[in-house]
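The lines below spell out each chain.
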Amino acid sequence: MKTIAVVIASLIVFSGAAHAADATAPVKEIMDATKSNWADNNSDWTDIFDAGRLDHLYSKDFVARYQAAAQFPAVDDDGISPFDYDVIVNGQDACPLEDLTMAAAPAVNGTTEVTVRFKKSACSDAPDAKDYTTVRFEVVEEAGQPVIDDIVTENVETQARDSLKATMALIAKGQ
């Protein structure tokens, strides 16, 4: 009996660890694309909001906000994206990403925060070239799958957290 209890307890612990690892899967896909976009390999730019990714990596609420914001493209050239910057590096310019780390916190109220840190300007001579950029992905579960519900960047100047969902809501209002 004692052995069965230990096995059951182990399964519960390991299933919780497996669930936490799953929360990083959509974030890893986005970060792999972002890392490739800024690499020195001259590969084609990967749209982290293309239809296929919107369909399986993001929550329904996130997708609805993105589609509403996309009605107001930031640049007339492509007529698609509501952003004129890379929302992950939080800028228009970056170097190949360095020292990238990813860590998932325990879920709180159904949301797992996955924190990603990296150096985006290491190849530059700027005074802040070695500074880390921190991006927080809020991951929820929909239909049994982990999906990104928000992307939150830290504003270095104001020390505030900027929610991409809030930004998309403003864009959709024409602001």
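Located above this text is the structure these notes cover.
The following paragraphs examine the structure supplied in this document. Because the structure is a prediction, the values reported are computed rather than measured.

### Overview of the overall build of the protein chain
Here is step 1 of the chain: Per the secondary structure count, the protein chain includes 5 helices and 5 strands.
Here is step 2 of the chain: Ordering the α and β elements of the protein chain from the N terminus gives α-α-α-α-β-β-β-β-β-α.
Here is step 3 of the chain: Counted over contacts in the protein chain with a minimum sequence separation of 6, partners at least 24 positions apart contribute 50%.

### Points about the state of the cysteines
Covalent bonding between the sulfur atoms of two cysteines defines a disulfide.
Here is step 1 of the chain: One pass over the structure, following the stated rule, counts 1 disulfide.
Here is step 2 of the chain: C95 shares a disulfide with C123; S-S distance 1.9 Å. Classification of the bridge connecting C95 and C123 rests on its S-S torsion, roughly -80°, and on that basis the disulfide is left-handed. Taken together, the residues C95 in the loop between α4 (60-69) and β1 (98-104) and C123 in the loop between β2 (112-119) and β3 (132-142) connect sequence positions 28 residues apart.

### A look at the pattern of salt bridges
Here is step 1 of the chain: As enumerated under the stated definition, the model contains 10 salt bridges in all.
Here is step 2 of the chain: Each of D61, R65, D149 and K165 takes part in a single network of salt bridges with overlapping partners.

### Re α4
Here is step 1 of the chain: What α4 keeps buried is the set F62, V63, Y66 and A69. The buried residues of α4 occupy one face: seen down the axis, they fall within an arc of 130°.
Here is step 2 of the chain: Lining the buried residues of α4 we find α3 (51-57), β4 (145-154) and α5 (164-172).

### As for the sheet that holds β3
Here is step 1 of the chain: Sheet architecture is open: 5 strands sit in the order β1-β2-β3-β4-β5, paired in antiparallel fashion. Two strands close off the open sheet at either side, each with one partner strand: β1 and β5 (161-163). Across this sheet, the average inter-strand angle for adjacent strands is 30°, counted without regard to direction.
Here is step 2 of the chain: Sitting on the sheet, α4 is in contact with β3 and β4, with an inclination near 55° to β4.

### Re the environment of V152
Here is step 1 of the chain: Residue placement: V152 occurs in strand β4.
Here is step 2 of the chain: In this structure, the C-alpha to C-alpha distance between V152 and E138, residues 14 residues apart in sequence, is 7.8 Å.
Here is step 3 of the chain: Leave out the neighbours within four places in its chain, and V152 touches T134, V135, R136, E138, R161, D162 and S163.

### Description of the pairing of β4
Here is step 1 of the chain: Burial analysis of β4 places 8 of its 10 residues in the buried class, the great majority of the element.
Here is step 2 of the chain: Across 8 bridges, β3 lies against β4 in antiparallel orientation. Bridging across to β4, V135 finds its partner in T153.
Here is step 3 of the chain: The turn joining β3 and β4, which pair antiparallel and follow one another in sequence, is formed by 2 residues; a positive phi near 55° is taken by A143.
Here is step 4 of the chain: Here β4 runs beside β5; their pairing, made up of 3 bridges, is antiparallel. Note on β5: the bridge partner recorded for V152 is S163.

### Focus on unusual backbone geometry
Here is step 1 of the chain: If you check the backbone angles, D99 has positive phi at about 50° while not being a glycine.
Here is step 2 of the chain: Here D99 is to be found in strand β1.
Here is step 3 of the chain: Using a relative accessible area of 40% as the deciding quantity, one classes D99 as partly exposed.

Definitions and cut-offs
Residue numbers restart at each chain and count upward from 1, following the sequence in its written direction. Totals for whole chains, interfaces and linings use all residues, but because this is a predicted model, local features are given only for residues with pLDDT of at least 70 and pairs of side-chain atoms are given and counted only at 80 or more. Computation of side-chain values covers all heavy atoms of the structure but excludes hydrogens and water. Only DSSP runs of H or I with at least four residues qualify as helices, and only runs of E with at least two residues qualify as strands; both kinds are numbered from the N terminus onward. By the convention used here, residues are in contact when the closest approach between their heavy atoms is within 4.5 Å. The disulfide definition used here is simple: a pair of cysteine sulfur atoms within 2.5 Å. Put simply, a salt bridge is a Lys or Arg side-chain nitrogen that is within 4 Å of an Asp or Glu carboxyl oxygen. To sort residues, take the accessible area from a 1.4 Å probe on protein chains only and compare it with the maximum for the residue type: under 20% means buried, over 50% means exposed, and anything in between is partly exposed. Starting at the helix axis, one direction is taken to each C-beta atom, and the arc is that of these directions. Note: two strands are recorded as paired if DSSP finds a minimum of 2 bridges between them. Whenever a helix is involved, its axis is fitted only over the stretch in contact; in every case the axis is a line through C-alpha atoms, and angles between N-to-C directions fall within 0 to 180 degrees.

Interpretation in functional terms is not warranted from these geometric data alone.
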